[in-house]
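# Structure at a glance
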Amino acid sequence: MDFTDFKLNVVETTGLAKDALHIYVGIGMYLICLMALRPIIKSQGIRSFIALIIVTGIAFLGEYLDNRETIESLGLAGLSREQLIASIRDLINTCLLTYVLFALNKWTTVFRPINKPPALTRRHKKTDY
(Lines give C-alpha, C1' and ligand atoms only; values in the text may rest on other atoms or scores of the structure.)
Protein backbone atom coordinates (compact mmCIF):
# COMPACT_ATOMS: atom_id res chain seq x y z
CA MET A 1 0.00 0.00 0.00
CA ASP A 2 1.51 3.32 -0.98
CA PHE A 3 1.12 6.63 0.87
CA THR A 4 -1.74 7.93 -1.29
CA ASP A 5 -3.84 4.79 -0.72
CA PHE A 6 -3.11 4.95 3.01
CA LYS A 7 -4.13 8.61 3.14
CA LEU A 8 -7.38 7.94 1.24
CA ASN A 9 -8.20 5.03 3.58
CA VAL A 10 -7.71 7.28 6.61
CA VAL A 11 -9.98 9.94 5.08
CA GLU A 12 -12.68 7.35 4.34
CA THR A 13 -12.39 5.70 7.75
CA THR A 14 -12.52 8.89 9.81
CA GLY A 15 -14.95 10.81 7.65
CA LEU A 16 -12.89 13.96 8.12
CA ALA A 17 -11.71 16.30 5.41
CA LYS A 18 -8.05 16.16 4.36
CA ASP A 19 -7.47 19.67 5.73
CA ALA A 20 -8.78 18.67 9.16
CA LEU A 21 -6.56 15.60 9.17
CA HIS A 22 -3.52 17.75 8.43
CA ILE A 23 -4.35 19.93 11.44
CA TYR A 24 -4.83 16.90 13.69
CA VAL A 25 -1.60 15.29 12.52
CA GLY A 26 0.35 18.50 13.13
CA ILE A 27 -0.99 19.06 16.64
CA GLY A 28 -0.81 15.37 17.51
CA MET A 29 2.81 15.06 16.43
CA TYR A 30 3.71 18.26 18.28
CA LEU A 31 2.21 16.97 21.53
CA ILE A 32 3.72 13.51 21.11
CA CYS A 33 7.15 15.05 20.51
CA LEU A 34 6.80 17.27 23.59
CA MET A 35 5.95 14.24 25.73
CA ALA A 36 8.61 11.99 24.21
CA LEU A 37 11.34 14.62 24.58
CA ARG A 38 10.43 15.51 28.17
CA PRO A 39 12.73 12.94 29.85
CA ILE A 40 15.55 13.72 27.43
CA ILE A 41 15.50 17.54 27.29
CA LYS A 42 14.69 19.43 30.50
CA SER A 43 14.40 22.92 29.00
CA GLN A 44 10.84 23.64 27.86
CA GLY A 45 11.99 26.17 25.26
CA ILE A 46 14.46 23.84 23.56
CA ARG A 47 12.01 20.94 23.73
CA SER A 48 9.27 23.03 22.09
CA PHE A 49 11.61 24.21 19.35
CA ILE A 50 12.80 20.68 18.55
CA ALA A 51 9.18 19.46 18.45
CA LEU A 52 8.39 22.30 16.04
CA ILE A 53 11.28 21.28 13.77
CA ILE A 54 10.10 17.65 13.83
CA VAL A 55 6.52 18.61 12.89
CA THR A 56 7.80 20.78 10.04
CA GLY A 57 10.00 17.94 8.79
CA ILE A 58 7.08 15.49 8.92
CA ALA A 59 4.91 17.98 6.97
CA PHE A 60 7.56 18.29 4.25
CA LEU A 61 7.98 14.50 4.17
CA GLY A 62 4.23 14.07 3.73
CA GLU A 63 4.18 16.52 0.85
CA TYR A 64 7.11 14.77 -0.78
CA LEU A 65 5.28 11.44 -0.48
CA ASP A 66 2.13 13.00 -1.94
CA ASN A 67 4.02 14.22 -5.01
CA ARG A 68 6.70 11.52 -5.22
CA GLU A 69 5.77 10.16 -8.66
CA THR A 70 5.88 13.60 -10.26
CA ILE A 71 9.08 14.64 -8.48
CA GLU A 72 10.92 11.41 -9.36
CA SER A 73 9.93 11.50 -13.02
CA LEU A 74 9.97 15.23 -13.83
CA GLY A 75 11.72 16.86 -10.87
CA LEU A 76 10.39 19.75 -8.81
CA ALA A 77 9.84 21.81 -11.96
CA GLY A 78 7.36 19.18 -13.14
CA LEU A 79 4.85 19.99 -10.40
CA SER A 80 1.80 21.78 -11.71
CA ARG A 81 0.52 25.02 -10.26
CA GLU A 82 -2.40 23.18 -8.63
CA GLN A 83 -0.07 20.66 -7.00
CA LEU A 84 2.10 23.46 -5.62
CA ILE A 85 -0.89 25.34 -4.24
CA ALA A 86 -2.29 22.15 -2.67
CA SER A 87 1.10 21.37 -1.11
CA ILE A 88 1.46 24.87 0.32
CA ARG A 89 -2.07 24.68 1.75
CA ASP A 90 -1.28 21.29 3.32
CA LEU A 91 1.96 22.62 4.83
CA ILE A 92 0.12 25.60 6.32
CA ASN A 93 -2.66 23.38 7.71
CA THR A 94 -0.16 20.99 9.26
CA CYS A 95 2.20 23.57 10.77
CA LEU A 96 0.25 26.78 11.46
CA LEU A 97 -1.38 25.85 14.77
CA THR A 98 1.84 24.34 16.12
CA TYR A 99 3.69 27.57 15.28
CA VAL A 100 0.96 29.59 17.00
CA LEU A 101 1.17 27.42 20.13
CA PHE A 102 4.96 27.70 20.12
CA ALA A 103 4.77 31.50 19.81
CA LEU A 104 2.16 31.82 22.56
CA ASN A 105 4.26 29.69 24.87
CA LYS A 106 7.49 31.53 24.10
CA TRP A 107 6.46 35.18 23.92
CA THR A 108 3.35 35.46 26.10
CA THR A 109 2.28 34.39 29.56
CA VAL A 110 -0.81 32.51 28.35
CA PHE A 111 0.52 29.09 29.38
CA ARG A 112 2.24 30.21 32.58
CA PRO A 113 0.61 30.08 36.03
CA ILE A 114 -0.86 33.34 37.27
CA ASN A 115 0.16 32.85 40.89
CA LYS A 116 3.22 31.14 42.17
CA PRO A 117 2.15 27.86 43.79
CA PRO A 118 2.65 27.79 47.56
CA ALA A 119 5.51 25.81 48.97
CA LEU A 120 4.63 22.36 50.26
CA THR A 121 6.80 22.80 53.32
CA ARG A 122 7.08 25.96 55.37
CA ARG A 123 10.02 27.05 57.39
CA HIS A 124 9.08 28.52 60.73
CA LYS A 125 11.25 30.80 62.75
CA LYS A 126 12.56 29.19 65.83
CA THR A 127 11.26 31.21 68.75
CA ASP A 128 12.04 28.78 71.59
CA TYR A 129 15.43 28.97 73.24
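You'll find the structure just up there.
On a predicted model such as this, the values are computed, not experimentally measured, just so you know. (Residues numbered from 1 in each chain as written. Predicted model: local features only at pLDDT ≥ 70, side-chain atom pairs only at ≥ 80, totals over all residues. Heavy atoms only, no water.)

On the surface, a nonpolar cluster with roughly 500 Å² of combined accessible area is contributed by Ile23, Ile88, Ile92, Leu96, Leu97 and Val100. Of the residues forming the nonpolar patch, the biggest block, 5 residues, is contributed by helix α5 (residues 81-107). For leucine 96, the location among the structural elements is in helix α5. (Patch = residues over 30% accessible without salt bridge, like charges linked within 9 Å, V, L, I, M, F, W, Y side chains within 5 Å. Areas by Shrake-Rupley, 256 points an atom, 1.4 Å probe, with all protein chains shown as cover. Salt bridge = Lys/Arg side-chain N within 4 Å of Asp/Glu carboxyl O. Helix = DSSP H or I, 4+ residues; strand = E, 2+ residues; numbered from the N terminus.)

The next point concerns the layout of surface pockets. Counted as a void, the largest pocket has a volume near 350 Å³. Lining the largest pocket are 19 residues; nearest its centre among them are Phe3, Lys7, Leu21, His22 and Val25. When residues of the lining of the largest pocket are traced back to their parent elements, those giving at least two are α1 (3-14), α2 (18-37), α3 (44-66) and α5. Ranked by residue count, the leading element in the lining of the largest pocket is α3, at 7 residues. (1 Å grid on protein atoms, 1.4 Å probe; cavity = no way out; pocket = protein on both sides within 12 Å on 5 of 7 lines; lining within 4 Å. Points joined across faces, edges and corners; volume = space filled by probe spheres on them.)

Bringing the side chain of threonine 98 into the picture now. Within the secondary structure, threonine 98 is located in helix α5. Assessed through its relative accessible area of 1%, threonine 98 is described here as buried. Polar contacts involving the side chain of threonine 98 include one to the main-chain carbonyl oxygen of cysteine 95, which spans 2.6 Å. Ignoring anything within four residues of it in the chain, the contact list for threonine 98 reads Gly26, Ile27, Tyr30, Leu52 and Val55. (Buried < 20%, exposed > 50% of the residue type's maximum accessible area, 1.4 Å probe, protein only. Polar contact = N/O pair within 3.5 Å; in protein donor to acceptor, adjacent residues only side chain to side chain. Contact = heavy atoms within 4.5 Å.)

Looking now at the pattern of salt bridges. Think of it this way: side chains of opposite charge can pair up when their charged atoms draw near. Per the counting criterion, the structure on display carries 2 salt bridges. One salt bridge in this structure joins lysine 7 and aspartate 66, with 2.7 Å as the shortest N-O distance. Note that lysine 7 is positioned in helix α1 and aspartate 66 in helix α3, a separation of 59 residues in sequence. Among the residues examined, lysine 7 registers a relative accessible area of 17% and is labelled buried. When its relative accessible area of 19% is taken as the criterion, aspartate 66 is described as buried. We note a salt bridge from arginine 89 to aspartate 19, for which the minimum N-O separation is 3.5 Å. Taken together, the residues arginine 89 in helix α5 and aspartate 19 in helix α2 connect sequence positions 70 residues apart. Among the residues examined, arginine 89 registers a relative accessible area of 40% and is labelled partly exposed.

All right, on to the packing of aromatic side chains then. Given two aromatic rings, their pairing is described by the distance between the two centres and the angle made by the two planes. This model, assessed by the stated rule, comprises 2 aromatic pairs. For the ring pair phenylalanine 49 and phenylalanine 102, a centre distance of 6.3 Å and an interplane angle of 50° mean the geometry is tilted. Of the two residues, phenylalanine 49 is situated in helix α3 and phenylalanine 102 in helix α5; the sequence distance between them amounts to 53 residues. Residue phenylalanine 49 is classed as partly exposed on the basis of its relative accessible area of 44%. Their ring planes at 85° and their centres at 6.3 Å tell us that phenylalanine 102 and tryptophan 107 sit as a pair that is edge-to-face. Residue phenylalanine 102 is classed as buried on the basis of its relative accessible area, which comes to 11%. Site record: aromatic cluster; members linked through ring pairs are Phe49, Phe102 and Trp107. (Phe/Tyr/Trp six-rings, centres within 6.5 Å; stacked < 30°, edge-to-face > 60°.)

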